[in-house]
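Chain residues, written in single-letter form:
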Amino acid sequence: NLTPEKIPQDIYQMVADVVTEKVKEEAKHGVPLSKEWLSFGIDRKITKRPVMVVPYGGTRFSCRAYVEDAINDKILSNQNINPFGEQIYEASLYLGKHVWDAIGEVVIKSREAMSWLQKIGRAMSEKNLPIIWETPSGFVVQQVYSSMKSRRITTHIDNVLIKPTILEETSRIDRRRTINGVSPNFVHSMDATALTMTINKCILEGINNFSVVHDSFGVHAHHVPRLADSIRKSFVEMYSNTDVLENFYENVVDVIPNLEEPPSKGELDISGVLTSKYFFS
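Now for a description of the structure that goes with this document. Only a predicted model underlies this, so the values are computations on that prediction, with no experimental measurement involved.

This next bit is on the overall build of the protein. Broken down by element type, the protein carries 9 helices and 8 strands. The buried share of the protein, taken over its 281 residues, is 37%. Sequence-distant contacts, at least 24 apart, represent 68% of the contacts inside the protein between residues at least 6 apart. Of the roughly 16,400 Å² of accessible surface on the protein, 52% is carried by carbon and sulfur atoms. Counting 32 positive and 35 negative side-chain charges, the protein places the averaged centre of each group 4 Å from the other.

This is the structure:
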């Protein structure tokens, strides 16, 4: 929905459509659970969460779990639509693979960027260093996930002996949390930049009262058209003036000399956002 379209584009349904075609083909060859899935229905509710979390570090394993959650939600709403019987886990495992592969076909660049950021997280954690980058608004982000160690303490409370275990930070970087955290933290820092720039533009337009939660912006009703205009202008300005992945690369390349360059850009004309009806609504 970054480009002007007559109707909203639904990326979740696009992935569902690709998955459905794959399952139909397997149903022709009698692959187990394929016909059951066609009977159950593969819609955007099945694919929404797996697609949504891809830029935030989603994995094949979380994809399967989200598919299972969607199956259970649908069955809870209608007890008569469970063609899988006791094989719900197996059904989620079967479709989760197809959903994950379809995401790779539809949401190509998001997965490329996520994988590239995770490589940086892996390299920095091996060097036991934090990851630091500057957003287009000038805010400096420092990501530090310290490894934790447990320690048993012995004490008395009200004459009762207790031995709780407490966690303490160490001087080592937690490799797993660093790798899993770098992609979502980077994306959120860009969202925060868009929010900052939007609010600044709104203030110049005489708007001074806001209600904001992450990527939901609220103003008084009569200011909504100016808010919509400010959001679009801020987004275009932000990504036109700054190559955010290249900037990230420059912040870490001295520490990781052999780091591959960031994923290449596509051919999107970002100025289309200015006239995109469904970019933000």
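With that out of the way, let us pick up a nonpolar patch on the surface. Together, Ile203, Phe210 and Val212 make up an exposed nonpolar region whose accessible area comes to about 220 Å². Residue position: Phe210 is located in the loop between helix 7 (175–204) and strand 7 (211–213).

A word on the side chain of His223. Topologically, His223 is positioned in the loop between strand 8 (216–218) and helix 8 (224–241). According to the relative accessible area criterion, His223 is buried, its value standing at 12%. Polar side-chain contacts of His223 include one of 3.4 Å to the side chain of His222.

Scoring rules and cut-offs
Residues numbered from 1 in each chain as written. Predicted model: local features only at pLDDT ≥ 70, side-chain atom pairs only at ≥ 80, totals over all residues. Heavy atoms only, no water. Helix = DSSP H or I, 4+ residues; strand = E, 2+ residues; numbered from the N terminus. Buried < 20%, exposed > 50% of the residue type's maximum accessible area, 1.4 Å probe, protein only. Contact = heavy atoms within 4.5 Å. Areas by Shrake-Rupley, 256 points an atom, 1.4 Å probe, with all protein chains shown as cover. Lys, Arg positive; Asp, Glu negative; His and termini not counted. Charge placed at Lys NZ, Arg CZ, Asp CG, Glu CD. Patch = residues over 30% accessible without salt bridge, like charges linked within 9 Å, V, L, I, M, F, W, Y side chains within 5 Å. Salt bridge = Lys/Arg side-chain N within 4 Å of Asp/Glu carboxyl O. Polar contact = N/O pair within 3.5 Å; in protein donor to acceptor, adjacent residues only side chain to side chain.

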